[in-house]
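Residues per chain, in single letters:
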2 protein chains.
Amino acid sequence: MHSLVEENYLKALFALSKDKGSVSVNDLSKHLDIKMPTVTNMMKKMAFKNLVHYQSYKPLKLTKKGKKEAALIIRKHRLTEMYLVEKMGFGWEEVHNIAEQIEHIKSPKLFAKMEELLDYPKFDPHGTPIPDINGEMEWKAFSKLSECKPGERVKMAAVINTSDEFLKFLNRREIHLGLKIRIESVEPFDNTMVVKYKNHSGETISHTVCERLLVEKF
Amino acid sequence: MHSLVEENYLKALFALSKDKGSVSVNDLSKHLDIKMPTVTNMMKKMAFKNLVHYQSYKPLKLTKKGKKEAALIIRKHRLTEMYLVEKMGFGWEEVHNIAEQIEHIKSPKLFAKMEELLDYPKFDPHGTPIPDINGEMEWKAFSKLSECKPGERVKMAAVINTSDEFLKFLNRREIHLGLKIRIESVEPFDNTMVVKYKNHSGETISHTVCERLLVEKF
DNA sequence: GTATAAAGTTAGTCTTAACTAACATATTAG
DNA sequence: CTAATATGTTAGTTAAGACTAACTTTATAC
Ligand SMILES: [Mn+2]
Ligand SMILES: [Mn+2]
Ligand SMILES: [Mn+2]
Ligand SMILES: [Mn+2]
């Protein structure tokens with residue numbers, strides 16, 4: 001089994017390689033707030049364990065094994081977040097730091113039980129998919145709210161930014177996953193949207209925010 | 001805050017000093033399965049942090065601070081065990097190892113929520129008291145089943161041994177906390193008890209087992 | 001009361017995971 | 001195409017927490 005430290009490297013590698021498929025030592029170093037020489041060292045150790053492909057001066061790539069192990073930690077993280085929100089009554093802005101710790105608990109039974117009690121959820125409280133027990137996860141093709149047109153009706157599916165402040169901002173506006181939103185108009189100037197949802201009418205949402213909300217059209 | 005390692009030393013010190021009030025380096029070493037020199041070293045570090053009174057060649061004693069911190073970890077352990085049993089459906093024989101890990105989670109909110117959802121429980125699933133938020137805990141004066149007399153009616157209040165095997169043994173006999181037991185007779189030879197409970201009549205319980213069951217008379 | 005055994009300490013080593021300083025390679029800019 | 005900058009590596013150090021070997025103190029046995 002891997003140390004808590006290795007697990008956090010795995011998660012970081014996984015998160016950062018989302019787009020390019022590979023990560024620079026520099027990016028990883030910044031993301032983890034750990035100096036580059038330490039990262040280089042750890043990459044060599046993890047290469048020896050067959051978790052990452054490492055060649056001097058080349059970008060880092062998770063191996064198949066590394067990718068799976070990372071996904072399984074993320075699975076524990078997201079199941080935990082979902083459990084905390086759905087079964088314990090936490091707000092979606094409160095759960096990340098707790099999950100950051102609980103994801104390292106070694107107990108297949110605990111997470112199997114969470115999953116069962118949640119009735120095999122596919123998404124976490126932020127709308128992000130939960131990997132299955134084999135580390136596989138499906139990304140549904142959601143659209144950014146910012147790309148929607150006036151007149152469209154959409155349903156809140158996921159948030160891109162999961163910072164405390166952003167989630168609390170959404171709480172104050174009563175915006176949550178599953179919420180049905182109708183786009184009334186879009187300011188041509190700054191792309192601010194005027195929307196309607198629940199008992200909020202003519203509410204404006206800045207482009208910055210719209211860029212961070214994923215919706216499903218229906 | 002203390003490291004996971006220090007927390008486990010605190011817990012061990014607390015558990016071992018139950019009776020005498022102090023612990024030998026040797027006992028602590030055996031209990032933690034850590035060699036004596038390592039323990040001596042750690043005791044010096046913890047003395048510096050004012051968690052333990054340490055003098056060369058003298059028995060170890062937790063300070064007031066150390067005792068409180070230990071109790072607060074034990075509080076997290078027992079709240080977790082209770083939560084796992086009551087809210088997640090685990091058996092009382094399954095929860096110790098999970099709690100051993102979760103007790104180290106740094107999140108006052110998580111444990112406050114558990115406590116609230118459990119409606120401020122006073123005992124864990126093994127009948128052991130849960131320290132309050134100030135680290136205080138009350139031991140109710142239960143009797144050993146082995147000390148009870150024929151004809152008495154008692155209620156299962158706690159188990160002294162919490163090993164997997166013992167708890168599974170009790171499961172097979174359908175013996176659980178809260179169970180009402182009537183003592184029919186006691187074999188004068190080996191002190192085996194013949195008892196009656198629920199739909200079990202004339203069931204025998206060995207002295208060894210009776211010594212490990214705490215009951216409340218009523 | 002000394003001899004032996006048990007318990008405790010000291011000194012030195014190891015591993016993990018961090019750091020800084022110095023050097024090497026790659027990238028970018030002019 | 002070279003110079004400057006950014007990125008990456010090597011070497012050496014540190015702290016936490018473990019170990020063994022050797023020594024010291026305390027307890028127990030005769
Ligand atoms: Mn999260
Ligand atoms: Mn983590
Ligand atoms: Mn326990
Ligand atoms: Mn523990």
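Residues numbered from 1 in each chain as written. Chains lettered and ligands numbered in written order. Predicted model: local features only at pLDDT ≥ 70, side-chain atom pairs only at ≥ 80, totals over all residues. Heavy atoms only, no water.

Caption draft 1: Focus on the coordination of the manganese ion (ligand 4). Residues and elements named next belong to chain B. Taken together, Asn 8 (OD1), Glu 100 (O), Glu 103 (OE) and His 104 (NE2) make up the full set of protein donors to the manganese ion (ligand 4), lying 2.1 to 2.6 Å away. Sequence positions of the donors to the manganese ion (ligand 4) reduce to the motif N-x91-E-x2-E-H. Taking relative accessible area as the criterion, Glu 100 reaches 24% and is therefore assigned partly exposed. With a relative accessible area of 0%, Glu 103 lands in the buried category. (Donors = N, O, S within 2.8 Å, 3.2 Å for Na, K, Ca; no water. Buried < 20%, exposed > 50% of the residue type's maximum accessible area, 1.4 Å probe, protein only.)

Caption draft 2: The arrangement of the interface of chain A and chain B in detail. Across the contact, 19 residues belong to chain A and 19 residues belong to chain B. Surface buried jointly by chain A and chain B totals about 1,600 Å² across both partners, of which 66% is contributed by carbon and sulfur atoms. Where chain A meets chain B, there are two salt bridges. Ionic pairing is found between Glu 94 of chain B and Lys 109 of chain A, a salt bridge with its closest N-O pair at 3.1 Å. Run the count over chain A and chain B and you get five residue pairs in polar contact (both at pLDDT 80 or more). (Contact = heavy atoms within 4.5 Å. Buried area = accessible area lost by both parts, 1.4 Å probe. Salt bridge = Lys/Arg side-chain N within 4 Å of Asp/Glu carboxyl O. Polar contact = N/O pair within 3.5 Å; in protein donor to acceptor, adjacent residues only side chain to side chain.)

Caption draft 3: Broad picture of the pairing of strand 6 (residues 193-197) of chain B. Residues and elements named next belong to chain B. The element strand 6 is largely enclosed, with a buried count of four among its five residues. Judged from the four bridges that link them, strand 5 (residues 180-186) and strand 6 form a sheet pairing that is antiparallel. Counterpart to Ser 185 in the pairing with strand 6 is Val 194. Sheet topology note: the strand 6/strand 7 (residues 200-205) ladder contains four bridges and is antiparallel. Looking at strand 7, one finds that Val 194 is bridged to Thr 204. Between strand 6 and the antiparallel strand that follows it, strand 7, lie two residues; Lys 198 among them carries a positive phi value of about 40°. (Helix = DSSP H or I, 4+ residues; strand = E, 2+ residues; numbered from the N terminus. Pairing = 2+ DSSP bridges.)

Caption draft 4: Structural context of the protein's contact with DNA strand C. In the neighbourhood of DNA strand C, 20 residues make up the surrounding shell, with Ser 3 and Lys 45 of chain A together with Asn 26, Lys 44 and Tyr 54 of chain B lying closest. Of all atoms in DNA strand C that approach within 4 Å of the protein, 78% are sugar or phosphate atoms. Tyr 57 of chain A has a polar side-chain atom sitting 3.4 Å from a sugar or linking oxygen of DNA strand C. Between Thr 40 of chain B and DNA strand C, the recorded distance is 2.7 Å, taken from a side-chain N or O atom to a phosphate oxygen. Breaking the surface near DNA strand C down by element, the ones donating at least two residues are helix 1 (4-16) and helix 3 (36-48) of chain A together with helix 2 (25-32) and helix 3 (36-48) of chain B. Each residue belonging to the surface near DNA strand C can be placed in one class, and the counts come to eleven nonpolar, six polar and three charged. (Near = heavy atom within 4 Å. Nonpolar A, V, L, I, M, F, W, Y, C, P; charged D, E, K, R; others polar.)

Caption draft 5: Up close: the protein's contact with DNA strand D. The local shell around DNA strand D holds 20 residues, among which Asn 26, Lys 44 and Tyr 54 of chain A together with Ser 3 and Lys 45 of chain B are the closest. Expressed as a percentage, the sugar and phosphate content of the atoms of DNA strand D within 4 Å of the protein is 77%. Ser 3 of chain B places a side-chain nitrogen or oxygen 2.7 Å from a phosphate oxygen of DNA strand D. A distance of 3.2 Å separates a phosphate oxygen of DNA strand D from a polar atom in the side chain of Tyr 9 of chain B. At the level of elements, helix 2 (25-32) and helix 3 of chain A together with helix 1 (4-16) and helix 3 of chain B are the ones that each hand at least two residues to the surface near DNA strand D.

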